[in-house]
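So you can see what is in the structure, the chains are spelled out below.
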Amino acid sequence: MTFSAHKSPRSLRSLIHGVAEVFVVSSLASLTVSLVALMPATSMAAETAPGSFAQVKALHRSSMTAIMDRQGQPIAHVRTNQQVLQSDWAGLADFSPALLSMVLRSEDQDFAQHWGVDFSALLAALKQNAQGQRRGASTISMQLVGLLDADLKRPGSKQRTLVQKLGQAGAALWLERRWSKAEILEAYLNKVPLSGELVGMPMASQALFGKAAHGLSLEEGAILAALLRAPNAAPALVAKRACLLLKLHACDLLEGQVRIALSQAKSPELGLKSAASHYARYITKRAPAQYQSSLDGPLQRFAQQALQRHLRELSNRQVEDGAALILERNSGEVLAWVGSSGTLSDAAQVDFVLAKRQAGSTLKPFLYAQALEERRLSAASLIDDRPINLSTAAGLYVPHNYEQQYAGPVSVRTALASSLNIPAVRVAVMLTPEKVFQTLRGFGFKLRETGGYFGYSLALGSAEVSLLELAQAYRQLSLLNDGTASISAPSKFIVGDILSDNNARALSFGLHSPLATRGWAAVKTGTSKDMRDNWCIGFTDQYVIAVWVGNATGEPMHRVSGVTGAAPIW
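Because the structure is predicted, anything quoted here is derived from the model rather than measured.

*Asks:* Teacher, can you tell me more about the packing of aromatic side chains here?
*Replies:* Aromatic ring pairs are defined here through the distance separating the ring centres and the angle between the ring planes. Enumeration according to the criterion identifies 11 aromatic pairs in this entry. Here F366 and F443 contribute two aromatic rings whose centre-to-centre distance is 4.8 Å and whose plane-to-plane angle is 55°, an arrangement assigned as tilted. With F366 in helix α16 (residues 364-373) and F443 in the loop between α19 (433-442) and α20 (451-454), the pair connects residues that are 77 residues apart, well separated along the chain. There is no split in this pair, since F366 and F443 are both buried. Relative to Y474, the ring of F366 has its centre 5.3 Å away and its plane inclined at 85°; by these criteria the two rings are edge-to-face. Of the two residues, F366 sits in helix α16 while Y474 sits in helix α21 (residues 467-478), which places them 108 residues apart along the sequence. Exposure class is identical for F366 and Y474. Each is buried.

So this is what it looks like as C-alpha cells:
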C-alpha cells in the first residue's frame, strides 16, 4: 500500500456549500465561537503541530528494554516504563496490509485524498453537534496531532471541545504540508492508544495475539481497528464493530476470538515469556543501564528446558516449582539464571533464585571446613553417628538421620559425603552455634538471626538462604587462592575432595546415583524439613551449578529426596 505526499481536497465549491449549510443550521452563538476559534487554529497551527517526522520518531521509546546475552543476541526484555506499554518504532512496511486496510476503513476512508481535514464530514459533525447530537469527524491526521500535543486532546467543556476540534483541524492542515501520507499513517499506528495501557499497534499485536504486526490476519486487523473507537469496550461491542468492518453476517466466532484477545491484554507481562526474564529484572535493578549480560544464551535455554523436563516427570509427586543457576567458577559471572519453572508454576513471577528457603544439608560443608581449619578434625577422624539428646534453653533437641538409621563411628569423610545428620550436629557442638553462624556469614550468607537463635539446628540447615547465596558460597569454597573467607586453601581442598568422593557417599546414595558424574565434580544435596525444599549444589573446575525444587506455597513434596528431585537436573 503506497501513499503520495499530497493530494487535492474536494472542490472549493463543495466546501463553500458546506460552510453555507453550517451558517443556516447553527445558532449565532455557536457560529461566533466557531469563527473566533478558527483564527487561532489557523494562525497558531505551527505552534500546536508536532515537529518533524524524524524528531517524533527519535523521541519514541519502547517500554521494554532488550537484555543481550554474551553472544550479543537478545535473550530477555525488561519493562522500564510503568506508565504505558509500547514497543520499538515500527516502519509502515512492518504492518500487515490487512491491518492497514481495516484501520483506514474504520478511521479515515478518504485518508489518501484529503489534506488533513475531511471538510464535509467536519461540517456535518458541526451541524449535528449544534443540534445536540454527537458525531466525530477526526481524520487520522487530526487524531495524530491530538496524540502528539496534549493540549489538543485535553477534555473540557463543550465550547473547549469545539475549539480543540478546530485547533486539531488547523494543526492537521499544517502537518500534511510537511509530512507525507506514509509518515502520518506510520506515526499514527505507533502512537495510537488501545486497550488498557497498550499504546501502538506493534505492542497491541504482540499482547493480544502473540505475534508481530506484520503477521496479523484480516480478522485480527479488524479487531484492533474496532478497538480504536472504544479501547475499553465490552467484547460483544468490539466484535460487532469488527464484523461491520469485515462485512460479516455471523459474528459468534469472532466474538470468541475477541474475548480471548482481550483477556490476554489485561496483564500482558510480555517479559515473562522470554528465556531469562527473572535475570533481566535482577540485572536492571542493580545496574539500570547495563543491558549487556554475561548470560550464555544456548546454555540458558538448555537449563530452562532441563528444569521443566524433570519437573514434568515429578508432576505426580506434588512438585511444580524449581530454579537453576550456573556461574563461571573463576570469574563468578552468571551463565544461566532460571528463576522459575515458567508455565508449570502458579507463581511464575517469583524468582526462586533469590527466594529464601530452608537450606537443609547444604550448609554442612561450611561447618566441616571450619572444624578442619581449627584442626579439631581431619578427613580421617572418627565421629559418632548414634542418637544424641542435647539440652537447650528451648528444651531437649533430638536430631535424627534422614533414613532413621545410624552407622556408629564413621570417618569425617563418610559423614560429610553421605550427609549424616548426627555427626554434623556433633561438629556444631564442637564449634558452638555462634561460631557456625560466623563461618556462614564469612561465606556470604545473609542470615536474619544469630547463632543463639538457631542453636544446633543450624548445622542441619534450619536457616533460610537463597539459591544465589548458596551458589556464591560454594564458588568461594571452590577457589583455593581466594582469601575472602576465613578458611584456608588446605581446608577448602579437603572439603571439595570429600564432596567429589563417590565411594564415600555410597553409604547414603549408593554408587550409581545422579551425583556420580563422568568428570570430577564436588556436589552436595539438601532436603528441608517435611520435604518442602530440595537442593543440589556443586562445582567443577569450570562451573558452579545450583538447583532447587519445591513448591511456592510451601506444600511438602511427595517422596522427593536430593537424588530424585534436584540432583537429576543438576
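Next comes the rest of the description.
*Asks:* Whenever I open this one, the layout of surface pockets confuses me. Can you help?
*Replies:* Any empty space left between atoms is shown by rolling a water-sized probe over those atoms. A volume near 1000 Å³ is recorded for the second largest pocket. For the second largest pocket, the lining is made up of 35 residues, of which H400, N401, Y402, N421 and T527 are closest to its centre. The set of elements that each furnish at least two residues to the lining of the second largest pocket consists of α23 (506-509) and β11 (522-527). With four residues, the top contributor of residues to the lining of the second largest pocket is β11. Partitioning the lining of the second largest pocket into residue classes produces 10 nonpolar, 20 polar and five charged.

*Asks:* Looking at this structure, I do not really get the nonpolar core. What am I missing?
*Replies:* Proteins that are soluble and globular tend to have nonpolar side chains buried together. One finds L325, W337, F445 and L447 to be the most contacted residues of the largest nonpolar core, which totals 77 residues. With seven residues, the single largest contributor to this core is α21. With residues up to four places along the chain from it excluded, the contact list for W337 reads H278, Y279, Y282, L295, Q300, A324, L325, D351, V353, L354 and L468. Formed by 56 residues, the second largest nonpolar core is a distinct cluster that contains L100, A222, I223 and A225.

*Asks:* Would you explain empty space enclosed by the protein in this entry?
*Replies:* According to the stated counting rule, one finds two cavities of 30 Å³ or more in the structure shown. The computed volume of the largest cavity comes to approximately 40 Å³. Considering the residues around the largest cavity, the lining is formed by A417, R505, F509, L515, V523, K524 and T525. Considering each element in turn, the lining of the largest cavity owes the most residues, three residues, to β11. Per-class residue counts for the lining of the largest cavity are four nonpolar, one polar and two charged. Computed from the structure, the second largest cavity encloses a volume of approximately 30 Å³. Along its surface, the second largest cavity is lined by H60, Q86, S87, D88, N190, V199, G200, P202 and M203. Residue composition of the lining of the second largest cavity, grouped by class: three nonpolar, five polar and one charged.

The rules behind these values
Each chain carries its own residue numbering, running from 1 in the written order of its sequence. Local features in a predicted model are, by the rule used here, given only for residues with pLDDT of at least 70; side-chain atom pairs are given and counted only at 80 or more, and totals for whole chains, interfaces and linings are based on all residues. The basis for the side-chain values is all heavy atoms of the structure; hydrogens and waters are excluded. Two rings from Phe, Tyr or Trp (for Trp, the six-membered ring) form a pair when their centres are within 6.5 Å of each other. A pair whose planes differ by under 30 degrees is stacked, one over 60 is edge-to-face, and the rest are tilted. Each helix corresponds to a stretch of at least 4 residues labelled H or I by DSSP, and each strand to a stretch of at least 2 residues labelled E; elements are numbered beginning at the N terminus. Under the scheme applied here, a residue whose accessible area is under 20% of the maximum for its type counts as buried, over 50% as exposed, and between as partly exposed, the area being computed with a 1.4 Å probe on protein chains only. Definitions used for this entry: grid spacing 1 Å over protein atoms alone; cavity, a set of points where a 1.4 Å probe fits but cannot get out; pocket, an open set with protein on both sides within 12 Å along at least 5 of 7 lines; lining residue, one with an atom within 4 Å of a point. Grid points are joined across faces, edges and corners, and a volume is the space filled by probe spheres set on the points. For this classification, Asp, Glu, Lys and Arg are treated as charged, while Ala, Val, Leu, Ile, Met, Phe, Trp, Tyr, Cys and Pro are nonpolar and the rest, including Gly, are polar. Think of a nonpolar core as a cluster: buried Ala, Val, Leu, Ile, Met, Phe, Trp, Tyr and Cys residues, connected wherever their side-chain atoms sit within 4.5 Å. Whether two residues touch is decided by their heavy atoms; if any such pair falls within 4.5 Å, the residues are in contact.

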